Amino acid sequence: MSLHSTPRRDRLQPVRTYVASRSIPCYGTVVARTIPQRELRNANAQVIAAVAAGESFVVTRNGVPVAELRPIERMRRSFVPRAELTALAAAGPHIDLAQFRADLDGAIDQRLA
């Protein structure tokens with residue numbers, strides 16, 4: 001098959017997975033902006049400046065996502081002070097342990113153990 005021939009229809013087509021839907025999952029929403037390859041080429045300086053400012057991009061070629069541009073993650077802290085952890089836990093949702101156990105018992109077949 002030459003580079004200029006038309007691909008056969010019976011060949012497997014690549015699976016289109018949308019990177020943007022999986023991008024930055026810790027935020028709970030999609031934060032990556034999708035841009036075509038042409039825009040990346042024509043506005044390279046602006047796109048890189050936006051990435052440096054914290055924005056993420058999914059680059060597409062012919063409408064198919066091919067790359068993700070995002071800022072490099074800073075190293076995570078290896079130590080969290082006890083006072084900060086206590087404050088975060090206090091601000092989180094309250095879980096009623098008895099209700100939680102009842103919900104688990106209702107959802108899981110206890111005969112499986």
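Worth saying up front: this structure is predicted, and the values here are computed from it rather than measured.

Colleague: Pulling in residues and values, what's your account of unusual backbone geometry?
Modeller: The phi angle at Asn 62 is positive, at roughly 55°, despite the residue not being glycine. As for its position among the elements, Asn 62 is in the loop between strand S2 (56-61) and strand S3 (64-69).

Colleague: So, the environment of Phe 57: which residues are in play, and what are the values?
Modeller: Mapped onto the secondary structure, Phe 57 falls in strand S2. Residue classification places Phe 57 among the buried positions, given a relative accessible area of 2%. For the pair formed by Phe 57 and Ile 35, sequence separation is 22 residues and the distance between their alpha carbons is 6.7 Å. Apart from the residues within four sequence positions on either side, Phe 57 is in contact with Ala 32, Arg 33, Ile 35, Val 47, Ala 50, Val 51, Ala 67, Glu 68 and Leu 69.

Colleague: How would you summarise the pairing of S3 if you had to cite specific residues and measurements?
Modeller: The pairing of S2 with S3 spans five bridges and is classified as antiparallel. Bridged to Val 58 within S3 is Glu 68.

Colleague: Give me the confidence of the model for the chain: which residues, what numbers.
Modeller: With 72% of its residues at a pLDDT of 70 or more, the chain has an overall mean of 78. Counting contacts from residues 1-17, a segment whose pLDDT is below 50, to residues more than four positions away or on other chains yields six contacts.

Colleague: Describe the sheet that holds strand S1 (residues 32-36), with residues and values.
Modeller: Reading across the sheet, the three strands line up as S1-S2-S3 and stay open at both edges, with mixed pairing between neighbours. Each of the sheet's edge strands pairs with one partner strand only, and the pair in question is S1 and S3. Taking the axes of each pair of neighbouring strands and ignoring which way they run, one obtains an average angle of 30° across the sheet. Bridge analysis of S1 against S2 gives five bridges, and the strand direction is parallel. Considered in S2, the bridge of Pro 36 is made with Thr 60. Sitting on the sheet, helix H2 (residues 44-52) touches S1, S2 and S3, and the angle it makes with S2 is about 145°.

Colleague: An account of the nonpolar core is requested, with residue identities and associated values reported.
Modeller: Counting six residues, the largest nonpolar core is built from Ile 35, Val 47, Ala 50, Val 51, Phe 57 and Val 59. If you list the elements that add at least two residues to this core, you get H2 and S2. No other element matches the three residues that H2 contributes to this core. Those residues within four positions of Val 51 in sequence are excluded, and the remaining contacts are Phe 57, Leu 69, Arg 70 and Pro 71.

Colleague: Can you break down the pattern of salt bridges residue by residue, with the values?
Modeller: In total, this model carries three salt bridges according to the counting rule given. Across the pair Arg 33 and Glu 55 runs a salt bridge, and its minimum N-O distance is 3.8 Å. In this pair, Arg 33 is assigned in strand S1 and Glu 55 in the loop between H2 and S2, connecting sequence segments 22 residues apart. Classification of Arg 33 as partly exposed rests on a relative accessible area of 39%. Looking at Glu 55, the relative accessible area reads 29%, which means it is partly exposed. As a salt-bridge pair, Asp 105 and Arg 101 come within 3.3 Å of each other at their nearest N and O atoms. Of this pair, Asp 105 and Arg 101 both sit in helix H4 (residues 97-107), four residues apart, which is roughly one turn of the helix. Three or more residues joined by partner-sharing salt bridges are found here, namely Arg 33, Glu 39 and Glu 55.

Conventions used here
- Residues numbered from 1 in each chain as written.
- Predicted model: local features only at pLDDT ≥ 70, side-chain atom pairs only at ≥ 80, totals over all residues.
- Heavy atoms only, no water.
- Helix = DSSP H or I, 4+ residues; strand = E, 2+ residues; numbered from the N terminus.
- Buried < 20%, exposed > 50% of the residue type's maximum accessible area, 1.4 Å probe, protein only.
- Contact = heavy atoms within 4.5 Å.
- Pairing = 2+ DSSP bridges.
- pLDDT = per-residue confidence, 0-100.
- Axes fitted to C-alpha atoms, helices over the stretch in contact; angles between N-to-C directions.
- Core = buried A, V, L, I, M, F, W, Y, C linked by side-chain atoms within 4.5 Å.
- Salt bridge = Lys/Arg side-chain N within 4 Å of Asp/Glu carboxyl O.

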